[in-house]
Amino acid sequence: MKNRGTLINLNGEILDPADAKVSVFDRSFLYGDSLYEVVRTYRGKPFRLKEHLVRMEKSAKLCQMRFSQTSAEYEREILRSIEAYRAQPGKQDEDVYARIVVSRGSGKIGFGLGNLETPTLYAIIIEPISMFPNKPFEKGTQLQISERIRNHPRALDPAMKSGNYLNSLLAYLTAAEAGYDDALMVDQQGFMTEGTTFNLFYVNRGIVATAPLDVGILDGVTRRAILNLCIEQGLPCREVRFPKEYLYEADEVFVSSSLKEVFPVLALDGKRIGNGKAGPVTRKLRDAFDDLVRRELSLA
Ligand SMILES: Cc1ncc(COP(=O)(O)O)c(C=O)c1O
């Protein structure tokens, strides 16, 4: 495999991907017993990295994981890895995708923590952002509302960003097989939750709405930023439970994540949303988000 410049930081050691090895007895491999976070950079600077690391601490509490590093160390190592990536020839102007994965560790097979023979292990993966291209904003995205429901908060709580994404991955695969870009999921009562790797919003008569956290979704860093931007921009916004029919009838639907930022959904289950074009509120929030990133990261 040709190395695209990808660089790995494994427990503090910066390595070529070919040299970054994890044991088959690692619990992330055996059980998906790991947590992760993803940020992207803008001119080399990650957006809201600290907030992502606070969320990772919350995830750790939800699964009784004790990190062997502090969040401050994770932050330092992520920043160091981004710098190391950009120090490579021809990479100094490249933005990156940065993923940190923390595994509970490795040891003997078996769930009991007494089987662990290592402390938590972390890997930071730095890839060029160009590996994760979004479709052009104007083209938007076409999604399927999956038959597969989002995990119940009393099962694998969606508030925890764990390394076990199989439920979402399967929803994605079914959607992709049917020709959609990705999938949205409802909860067991039929209320909309979120997408496989992104949060969900709709706009009707100028009111912006998104599912509340307690329906069972990830507390997205971008979602939170958008809710604040709505307040700043004087756009009424609500966190409410809603069924899929509200989306079909909405003026606009959009999704959010650190990678997708604010991104329009132009069709759902093959039905056109609004006039089939990115709407004015989605555009306004996209512009406001771009501006927020520029201000916060002091990008001229
Ligand atoms: C299930 C899920 N929802 C929402 C998001 C968006 O979160 P953020 O805005 O913090 O990237 C993600 C991101 O990975 C996700 O996996």
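Cut-offs and rules
- Residues numbered from 1 in each chain as written.
- Predicted model: local features only at pLDDT ≥ 70, side-chain atom pairs only at ≥ 80, totals over all residues.
- Helix = DSSP H or I, 4+ residues; strand = E, 2+ residues; numbered from the N terminus.
- Rg over C-alpha atoms; globule rule 2.2 N^0.38 Å.
- Buried ≥ 20, exposed ≤ 12 C-beta atoms within 10 Å, placed from the backbone.
- Pairing = 2+ DSSP bridges.
- Expected span 1.5 Å × (residues − 1).
- Domains from an automatic or database assignment.
- Contact = placed C-beta atoms within 7 Å.
- Nonpolar A, V, L, I, M, F, W, Y, C, P; charged D, E, K, R; others polar.
- Near = placed C-beta within 6 Å.
- Axes fitted to C-alpha atoms, helices over the stretch in contact; angles between N-to-C directions.
- Parallel < 35°, antiparallel > 145°, perpendicular 65-115°, else oblique.
- Left-handed = near helix turned anticlockwise from the far one by under 90°.
- Core = buried A, V, L, I, M, F, W, Y, C linked by C-beta atoms within 7 Å.

1. Section: the overall build of the protein chain
Okay, so step 1: The number of helices and strands found in the protein chain is seven helices and 15 strands.
Okay, so step 2: Taken against the 2.2 N^0.38 rule, which gives 19 Å for 300 residues, the C-alpha radius of gyration of the protein chain at 20 Å falls within 12% of a compact globule.
Okay, so step 3: Dimensions of the protein chain, computed from C-alpha atoms along their principal axes, come out at roughly 55 × 45 × 35 Å.
Okay, so step 4: Classification of the 300 residues of the protein chain by burial places 37% in the buried group.

2. A short note on the sheet that holds strand S1 (residues 7–10)
Okay, so step 1: If you trace the six strands from one edge of the open sheet to the other, you get S2-S1-S6-S5-S3-S4, paired in antiparallel fashion. The open sheet is flanked by strand S2 (13–15) and strand S4 (45–46), the only strands paired with a single partner.
Okay, so step 2: Summarising the sheet, strand S5 (residues 96–103) and strand S6 (residues 121–128) pair through eight bridges and their orientation is antiparallel. Its bridge partner being in S6, Ala98 is matched across the sheet by Ile126.

3. With respect to helix H5 (residues 221–232)
Okay, so step 1: Counted at 1.5 Å a residue, the expected span for H5 with its twelve residues is 16 Å, and the 17 Å between its end C-alpha atoms agrees.
Okay, so step 2: Listed in full, the buried residues belonging to H5 are Val221, Thr222, Arg223, Ala225, Ile226, Leu229 and Cys230.
Okay, so step 3: Immediately downstream of H5, the backbone of Gly234 shows phi near 70°, a positive value.

4. Remarks on the domain arrangement of the protein chain
Okay, so step 1: Domain annotation of the protein chain identifies domain 1 (7–131) and domain 2 (137–296).
Okay, so step 2: Summarising the inter-unit geometry, the C-alpha centres of domain 1 and domain 2 are found 26 Å apart.
Okay, so step 3: At the interface, 19 residues of domain 1 touch twelve residues of domain 2.
Okay, so step 4: The set of elements that each furnish at least two residues to the side of domain 1 that touches domain 2 consists of strand S3 (34–42) and helix H2 (49–62).
Okay, so step 5: With eight residues, the top contributor of residues to the side of domain 1 that touches domain 2 is S3.
Okay, so step 6: Broken down by class, the residue content of the side of domain 1 that touches domain 2 amounts to nine nonpolar, five polar and five charged.

5. Here's the deal with the site of the ligand
Okay, so step 1: Surrounding the ligand, one finds 13 residues, the nearest of these being Leu218, Gly220, Val221, Thr222 and Ser258.
Okay, so step 2: Those elements giving two or more residues to the shell around the ligand turn out to be H5 and strand S13 (252–257).
Okay, so step 3: If you tally residues by element for the shell around the ligand, the top one is H5, at three residues.
Okay, so step 4: Grouping the constituent residues of the shell around the ligand by class yields four nonpolar, seven polar and two charged.

6. Some thoughts on unusual backbone geometry
Okay, so step 1: Positive phi, close to 50°, is recorded for Arg205, a residue that is not glycine.
Okay, so step 2: Structurally, Arg205 is set in the loop between strand S10 (199–204) and strand S11 (207–210).
Okay, so step 3: A residue is classified by how many C-beta atoms lie within 10 Å of it, and Arg205, with 7 of them, is exposed.
Okay, so step 4: Residue Asp269 is not a glycine yet carries a positive backbone phi of 50°.
Okay, so step 5: Its place among the elements puts Asp269 in the loop between strand S14 (261–268) and strand S15 (271–272).

7. Thoughts on the environment of His52
Okay, so step 1: Inspection of the secondary structure puts His52 in helix H2.
Okay, so step 2: On a C-alpha basis, the gap between His52 and Tyr36 in space is 9.4 Å, while along the polypeptide they are 16 residues apart.
Okay, so step 3: When residues no more than four places from it in sequence are discounted, the contact partners of His52 are Glu37, Val39 and Val221.

8. Thoughts on the packing of H2 against helix H3 (residues 71–86)
Okay, so step 1: Packing of H2 against H3 brings their axes to within 10 Å, and their N-to-C directions diverge by 135°. When the axis of H2 is compared with that of H3, the two are oblique. Relative to H3, H2 is oriented so that their crossing is right-handed. Where H2 approaches H3, its residues Leu49, Lys50, Leu53 and Glu57 are matched on the opposing element by Ser71, Tyr74, Glu75 and Ile78.
Okay, so step 2: Of the residues in the contact of H2 with H3, the class split is four nonpolar, one polar and three charged.

9. Things to note about the nonpolar core
Okay, so step 1: One finds Ala183, Phe201, Tyr202, Ile226, Val253, Phe254 and Val265 to be the most contacted residues of the largest nonpolar core, which totals 38 residues.
Okay, so step 2: For this core, the secondary-structure elements that each account for two or more residues are helix H4 (166–177), strand S8 (182–186), S10, S11, H5, S13, S14 and helix H7 (280–296).
Okay, so step 3: Not counting residues up to four positions away in its chain, the partners in contact with Ile226 are Phe201, Ser256, Val262, Leu285 and Phe289.
Okay, so step 4: Listed in part, the 23 residues of the second largest apolar core include Tyr74, Ala98, Ile125 and Ile126.

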